[in-house]
Amino acid sequence: MRTKASILVVDDNKGLCDGVKEFLEHEGYTVGCANSGKDAIALLHNNRYDIALVDIKLPDIQGTDLVKKLADILPSTDFIHITAYATLDTTIEAVRQEQVVSYETKPLDMDHLLAVLWQIMR
């Protein structure tokens, strides 16, 4: 039986990070949180994550740029972009990234997120 994924949530909204972490841990996932690009890079150097949820707008780096950096560190990670400010430009830029498997808008629908995670891991 396959174990559930290890997930990194990168969002500058600490409340969102903590809420997603709590929900996913209740569902059996292992979850790490980072509130900046710098923190996410540090976590990825010391931990393996199967999936990373990355906010498009972070205080220290654009999410699309962060995905490039994180994918260089751990190429096997799949990425889901999350954003409260969806625009056509950010959507196009995000989905053009080879490692990005989904683009989700906030507020996150947690049932939908679970379905996306299930699709990625099967």
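Parameters at a glance
- Residues numbered from 1 in each chain as written.
- Predicted model: local features only at pLDDT ≥ 70, side-chain atom pairs only at ≥ 80, totals over all residues.
- Heavy atoms only, no water.
- Pairing = 2+ DSSP bridges.
- Helix = DSSP H or I, 4+ residues; strand = E, 2+ residues; numbered from the N terminus.
- Axes fitted to C-alpha atoms, helices over the stretch in contact; angles between N-to-C directions.
- Contact = heavy atoms within 4.5 Å.
- Buried < 20%, exposed > 50% of the residue type's maximum accessible area, 1.4 Å probe, protein only.
- Right-handed = clockwise from strand over helix to strand, strands pointing away.
- Salt bridge = Lys/Arg side-chain N within 4 Å of Asp/Glu carboxyl O.

The sheet built from five strands is open, its strands ordered E2-E1-E3-E4-E5 with parallel pairing. Single-partner strands in this sheet number two, and they are strand E2 (30–34) and strand E5 (100–105). Ignoring strand direction, the axes of neighbouring strands in this sheet form an average angle of 20°. Judged from the five bridges that link them, strand E3 (residues 51–55) and strand E4 (residues 78–83) form a sheet pairing that is parallel. Paired with Leu53 across the two strands is Ile80, which belongs to E4. Helix-sheet contacts for helix H4 (residues 88–95) involve E4 and E5, and the interaxial angle to E5 is about 155°.

Before going further, it helps to examine the pairing of E4. Summarising burial for E4: five of the six residues are buried, a large majority. On the question of chirality, the crossover connecting E3 to the parallel E4 by way of helix H3 (residues 63–73) is right-handed. Relative to E5, E4 runs parallel, the two sharing five bridges. Looking at the pairing, Ile80 lines up with Ser102 of E5. Tracing the backbone out of E4, into H4 and back to the parallel element E5 gives a crossover that is right-handed.

For the rest of this paragraph, the subject is the environment of Gly63. With respect to the helices, strands and loops of the structure, Gly63 is situated in helix H3. Overall, the relative accessible area of 0% leaves Gly63 in the buried class. With 19 residues separating them in the primary sequence, Gly63 and Ile82 have C-alpha atoms 8.9 Å apart.

What follows concerns the pattern of salt bridges. Under the definition given, this model contains six salt bridges. Here Asp55 makes a salt bridge to Lys106, at a shortest N to O gap of 3.2 Å. Note that Asp55 is positioned in strand E3 and Lys106 in the loop between E5 and helix H5 (110–121), a separation of 51 residues in sequence. Accessibility assignment for this pair places Asp55 and Lys106 in one class, buried. Close ionic contact of Lys68 with Asp65 constitutes a salt bridge, the shortest N to O distance being 3.9 Å. Note that Lys68 and Asp65 are positioned in helix H3 at a spacing of three residues, about one turn of the helix. For Lys68, a relative accessible area of 46% translates into the label partly exposed. Accessibility expressed as a relative area gives 34% for Asp65, which makes it partly exposed. The structure contains a network of salt bridges with shared partners spanning Asp11, Asp55 and Lys106.

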